[in-house]
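Commentary on secondary and tertiary structure
Okay, here's what each chain looks like letter by letter:
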Amino acid sequence: QKEVEQNSGPLSVPEGAIASLNCTYSDRVSQSFFWYRQYSGKSPELIMSIYSNGDKEDGRFTAQLNKASQYVSLLIRDSQPSDSATYLCAVYGGSNYKLTFGKGTLLTVNP
Amino acid sequence: ETGVTQTPRHLVMGMTNKKSLKCEQHLGHNAMYWYKQSAKKPLELMFVYSLEERVENNSVPSRFSPECPNSSHLFLHLHTLQPEDSALYLCASSKAGGLEQYFGPGTRLTVT
């Protein structure tokens, strides 16, 4: 059973701080990794994808991947109250378009 | 219309009813997906269609029946549902062979 684990939170950070969201996965052959943001009552929105070890930056967001440790993280710099949402980690293991999602981490950014 | 649209946005149905959920994508994609999202559970993949052919059926009960008439449209036909089927049903699309999936707004289904 392929698993993706995330701390459910809530993770609470002050405005302007760095929020660090973590995800571990069990399938060692996983190839591709995604972060989705889901506001309450809304659908998931793709915000980052990462395919190789290292860091990938996009604006205030940085995704970090370490395949040896089976670990992927998302850093949000200069956190804003509008970043308050549930962040979903998704992993692709190479099987028929199937993404495995974690349960998500609820992030709250306090003004 | 842009992106991925879903209708209806909310649906209440009895256990003996038959209803259908509709999804349409305007992104030029050719893979489409149905997911179920229940409280406290991860997103569950139900069905995948690529180039209008079903490539994944994730052990979904037969009371859920998908249909993909073309690369832009996807339906989920519902019949004889159970109260535990109450959830948010999400449609997504991607390029065939691509993994970046884009979600519609979802249909909030309540089975009474």
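Throughout this document, residue positions are counted from 1 along each chain, in the order its sequence is written. Each chain gets a letter, beginning with A, and each ligand a number, beginning with 1, in the order they are written. The model is predicted, so local features are restricted to residues of pLDDT at least 70 and side-chain atom pairs to those at 80 or more, both for listing and for counting; the totals for chains, interfaces and linings are taken over all residues. The side-chain numbers reported here are obtained from all heavy atoms of the structure, hydrogens and water having been left aside.

**A few points about the overall build of chain B**
Each helix corresponds to a stretch of at least 4 residues labelled H or I by DSSP, and each strand to a stretch of at least 2 residues labelled E; elements are numbered beginning at the N terminus. Along chain B, the regular secondary structure elements total zero helices and eleven strands. For chain B, the succession of helices and strands along the chain, N to C, is β-β-β-β-β-β-β-β-β-β-β. Values of the radius of gyration come from C-alpha atoms, whereas the globule rule sets the reference at 2.2 Å times the count of residues to the power 0.38. Taken over the C-alpha trace, chain B has a radius of gyration of 13 Å; the compact-globule value for 112 residues is 13 Å, and the two agree within 12%. Seen through its principal axes, chain B has C-alpha atoms that stretch 35 × 30 × 30 Å.

**Topic: the pattern of salt bridges**
Note on definitions: salt bridges are taken to be side-chain nitrogens of Lys or Arg within 4 Å of carboxyl oxygens of Asp or Glu. This model, assessed by the stated rule, comprises four salt bridges over all chains. A salt bridge links A:Asp83 to A:Arg60; its shortest N-O distance comes to 2.9 Å. Here A:Arg60 lies in the loop between strand S6 (54-58) and strand S7 (61-66) and A:Asp83 lies in the loop between strand S8 (71-76) and strand S9 (85-92), a separation of 23 residues in the sequence. Residue A:Asp83 is classed as buried on the basis of its relative accessible area, which comes to 1%. Where B:Asp85 meets B:Arg63, a salt bridge forms, and the shortest distance between an N and an O atom there is 2.7 Å. Placement of the pair is B:Asp85 in the loop between strand S8 (73-79) and strand S9 (87-94) and B:Arg63 in the loop between strand S6 (53-57) and strand S7 (64-70), with a sequence separation of 22 residues. Between buried and exposed lies partly exposed: a residue is buried under 20% and exposed over 50% of the maximum accessible area for its type, with that area taken using a 1.4 Å probe on protein chains only. Residue classification places B:Asp85 among the buried residues on the basis of a relative accessible area of 2%.

**A short note on the environment of B:Gly98**
Mapping B:Gly98 onto the fold places it in the loop between S9 and strand S10 (102-103). Take B:Gly98: its relative accessible area is 19%, and that puts it in the buried class. Separated by 68 residues in the primary sequence, B:Gly98 and B:Asn30 place their C-alpha atoms 9.6 Å from one another. Ignoring anything within four residues of it in the chain, the contact list for B:Gly98 reads A:Tyr97 and B:Tyr33. Pairs of residues are marked as contacts when any of their non-hydrogen atoms sit within 4.5 Å.

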